[in-house]
Amino acid sequence: MMFALTKIGALTARDDVGKGLPMNNDHGHNHHGHDHHDRGSALSETELRVRALETLLVAKGYVDPAALEAIIETYETKIGPRNGARVVARAWNDPAYRDWLLRDATAAIAALGFGGRQGEHMVAVENTEAQHNLVVCTLCSCYPWPVLGLPPAWYKSPAYRSRAVIDPRGVLAEFGVSLPADRQIRVWDSTAETRYFVIPQRPPSSEGLDEAALADLVTRDSMIGAGVARQPAAAS
Amino acid sequence: MMFALTKIGALTARDDVGKGLPMNNDHGHNHHGHDHHDRGSALSETELRVRALETLLVAKGYVDPAALEAIIETYETKIGPRNGARVVARAWNDPAYRDWLLRDATAAIAALGFGGRQGEHMVAVENTEAQHNLVVCTLCSCYPWPVLGLPPAWYKSPAYRSRAVIDPRGVLAEFGVSLPADRQIRVWDSTAETRYFVIPQRPPSSEGLDEAALADLVTRDSMIGAGVARQPAAAS
Amino acid sequence: MNGPQDVGGMMGFGPIVPEPEAVRFHADWEKRVLAVTLAASATGVWTIDAMRFSRESLPPAMYYGSSYYRIWLEALTNRLIAEGMVTAEEVAAGASREPARSVPRVLRAEAVSPALAAGTRYAREPSAPARFSVNEAVRMRVINPPTHTRLPRYVRGKVGTVERAHGVFVLPDTNAHGLGEDPQWLYTIRFSGTELWGVEADPTLSVSVDAWESYLEPVT
Amino acid sequence: MNGPQDVGGMMGFGPIVPEPEAVRFHADWEKRVLAVTLAASATGVWTIDAMRFSRESLPPAMYYGSSYYRIWLEALTNRLIAEGMVTAEEVAAGASREPARSVPRVLRAEAVSPALAAGTRYAREPSAPARFSVNEAVRMRVINPPTHTRLPRYVRGKVGTVERAHGVFVLPDTNAHGLGEDPQWLYTIRFSGTELWGVEADPTLSVSVDAWESYLEPVT
């Protein structure tokens, strides 16, 4: 019959899985597709293609160049994971807000001024001593932009998307997260327009901190479920 | 609910599936992996790597250079689909041999002098008015070498391997084969060391031909099930 | 379609590489691809589902060999050509050679903030009650359309439990192909890890997908 | 493993390109890869199953972006390094820098014809009767090992019919990893197209795989 998974882990480790081979999608780039041209040259094939396409679409009148700058500015400076950190900090600090967030995340998040594209239908899920939540989109890159900003490259990588649903503890280990063996792992595959985000567990020794200080403990990865919140500086 | 498959076919045809994109694995090469270096240059990266590896293995004493030549000569000149064509011609001509071939293909094929590597455990399947057989190896490239030689590039391509088991009529259409709508399609996925080959239907108007003439009607593709036997010249 | 996008449960993609939270982009061209994709999509010529289908229609070697913004670039280019908004020759030249196609709208700079803040709602008013109830066991249908679907292969045929009904949402399967919105009830369906991956799976694991009503059938 | 090799039912790889029967190779290097792979494998350092695992362990972008002889080249190189027969530095240099490892045998030119004609038999003497009978309904187990298996994803969990018992054969799942031959009964299991792909499948279609006894369970 089949051998046990523990035995298999050891086998795989000693075997030639990917040994000496370039891996794709690390840091959002790859080493053996077209993108290898992007390294080193002043103006890569990709850059040239993007520039040509942008020029063409502007010339055709389909896109307004000033709109492009406005979009970039929005996601570079306005919309990012500090939004989500504020939501989490409020939830940690205000039980009524937490209940509202779990009941109707879209409305509760809008009350803090966040919402819109890729966050039209929000669902908040809460990590507890009983259950750890992890969010993934196996089919593409669905992600709650209004609270977390643009997804990191790893979130969009086949490495993460493929394994999160079958080996989440292995995935968490690569993020340095080790959970008790009896902790229930709940993975949310974002296959529709609903967008999930995780309320991480509030760290011990964070009593008395104000919401700004609490928000500093909330990392982006902890709101995906790929990390946990930071310990307060005094306690760490 | 879901829409019908016929409707979908039209949609897919008008959509942008692969439009303007290079396809991999046509003619055994590809256009956007490493192998694009193989076109045009006198000594490609692949050629250099193969040469270096062969030199190294010979230097190490792991392989005998004369053995390499003997292997190549065997599969270039001795072992190919004309072997299988002889087996089929005999089966068409000799009902007792046909029965033996269907009952114990390894032995019946050995009786004509064929056998060995990648054909140690042979199974012959017969096309009839009721059933058409198609052979594939979805997991790699398993193929009955002693009777058919080395597999063609398309047999090893993901395009063929992926679709043969889910859309064999679509696959056959690309080979110019159209079967009656009520013909049963039987696909054999070679997932073990058993090796399948197809006895195609004997063409009408082939009565009276001797085995050599019959063998000329038997194409390689017809013994995979991706084609049908040729009509005799007089009848075509 | 059972394309390269459907990676749930696949193996062999190598390690996951975390990156600092402060990293927004890895190159200037990534910003341009983001902005051009959002602005071009705002013309309203295609739906988000159609663009997803363009991405998953890329050849698997290209899909797995490209960073995600590169996937966006390839899919956007294909979609613009397929919609008759540009020609392949114009793309190669980076210059306009033909008159522009008329498009429903153009996103102006001053409209960017309101448009991003509004988003696009995919919820619709229910016209019928939900067929399935919370805590009901359901089986995911076995379908293999060559067209767009959001039912991943790894849950097809599997039995799960309805955990939540979200309301009625636009169906991607039709919306991606200009066949209308066909709004349907959307549910979160939870599966045990052992149902999905077999008895050797992590016993603490459960996984959910969001699934439209036509993806489900009663457990008989 | 659920690696790139497991393509049954996938879509998006583009058209199939037939080629003339007379074509044996497309470049001289393909002949060399064939010969070197067969000769190196004849040393007996690895099994055919181990080499298949090396091929399916290639990154998916490489696997799908390479011709099959290129896949052979990449996998052979990795396997030779993993077995300590060559170093990565030697491969890069194309020259020997370290003493050779001892290997069970070397295939000499005069032994090529007899070796190819003999092949390698994978059948073993049965030590127990077959558990399943011809015409019996069986369910394919749901397994997802990160190691080598010959049970493709598209049949896992599906119910089929035993069509033939071939005898007892070496089990690839263990043999690929140096865990012994664990010989088991091997069966041909036939499935209807609708069982595999759903009610919209071609009703004339049936598909079989060859499956070892531990891949099967009784239908309860």
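See the structure above.
Note that the coordinates shown come from a computational prediction; the quantities given were computed from them, not determined experimentally. (Residues numbered from 1 in each chain as written. Chains lettered and ligands numbered in written order. Predicted model: local features only at pLDDT ≥ 70, side-chain atom pairs only at ≥ 80, totals over all residues. Heavy atoms only, no water.)

Caption draft 1: Focus on the interface of chain B and chain D. Contacts between the two partners involve 98 residues from chain B, matched on the other side by 98 residues from chain D. Taken over both partners, the interface formed by chain B and chain D buries close to 8600 Å², and the fraction arising from carbon and sulfur atoms is 59%. Contact with chain D buries area across many residues of chain B, yet Lys60, Tyr62 and Leu139 of chain B alone supply 9% of it, more than any other trio. Across the chain B-chain D interface, the total number found is 10 salt bridges. The residue Glu76 of chain B makes a salt bridge to Lys31 of chain D at a minimum N-O spacing of 3.0 Å. Inspection of the chain B/chain D interface yields 42 residue pairs in polar contact (both at pLDDT 80 or more). Top element by residues in the side of chain B that touches chain D is helix α2 (residues 45-60) of chain B. It accounts for 13 residues. Both strand β3 (residues 184-189) of chain B and strand β5 (residues 205-212) of chain D contribute to a ladder of five bridges, which runs parallel. (Contact = heavy atoms within 4.5 Å. Buried area = accessible area lost by both parts, 1.4 Å probe. Salt bridge = Lys/Arg side-chain N within 4 Å of Asp/Glu carboxyl O. Polar contact = N/O pair within 3.5 Å; in protein donor to acceptor, adjacent residues only side chain to side chain. Helix = DSSP H or I, 4+ residues; strand = E, 2+ residues; numbered from the N terminus. Pairing = 2+ DSSP bridges.)

Caption draft 2: Seen up close, the environment of Ser208 of chain C. Relative to the assigned elements, Ser208 of chain C resides in strand β5 (residues 205-212). For Ser208 of chain C and Thr37 of chain C, which are 171 residues apart along the polypeptide, the C-alpha to C-alpha distance reads 30 Å. Within the local environment of Ser208 of chain C, its side chain forms a polar contact with the side chain of Arg186 of chain A, the two groups lying 2.8 Å apart.

Caption draft 3: Structural view of the packing of aromatic side chains. Applying the stated criterion across every chain yields a total of 31 aromatic pairs over all chains. Seen from their ring centres, Tyr69 of chain C and Trp72 of chain C are 5.7 Å apart, and the 75 degrees between their planes marks the pair as edge-to-face. On the criterion of helical spacing, the pair formed by Tyr69 of chain C and Trp72 of chain C is a turn pair, its members being three residues apart in helix α4 (residues 68-82). Taking relative accessible area as the criterion, Tyr69 of chain C reaches 5% and is therefore assigned buried. Judged by centre distance (5.7 Å) and plane angle (90 degrees), the rings of Tyr63 of chain D and Tyr64 of chain D are edge-to-face. (Phe/Tyr/Trp six-rings, centres within 6.5 Å; stacked < 30°, edge-to-face > 60°. Buried < 20%, exposed > 50% of the residue type's maximum accessible area, 1.4 Å probe, protein only.)

Caption draft 4: Region of interest: the pattern of salt bridges. Considering all chains together, one arrives at 48 salt bridges over all chains under this definition. Linked through salt bridges whose partners overlap, the residues forming this network are Glu45 and Arg49 of chain A together with Arg70 and Glu74 of chain C.

Caption draft 5: Broad picture of the interface of chain A and chain C. Counting residues at the interface gives 98 residues for chain A, matched by 98 residues for chain C. In this assembly, chain A packs against chain C so that about 8600 Å² is buried in total across both faces, 59% of it on carbon and sulfur atoms. Applying the counting rule to chain A against chain C returns 10 salt bridges. A salt bridge links Glu45 of chain A to Arg70 of chain C, with the nearest nitrogen and oxygen atoms 3.5 Å apart. Applying the counting criterion to the chain A and chain C interface returns 43 residue pairs in polar contact (both at pLDDT 80 or more). Top element by residues in the side of chain A that touches chain C is helix α2 (residues 45-60) of chain A. It accounts for 13 residues. Broken down by class, the residue content of the side of chain A that touches chain C amounts to 46 nonpolar, 25 polar and 27 charged. (Nonpolar A, V, L, I, M, F, W, Y, C, P; charged D, E, K, R; others polar.)

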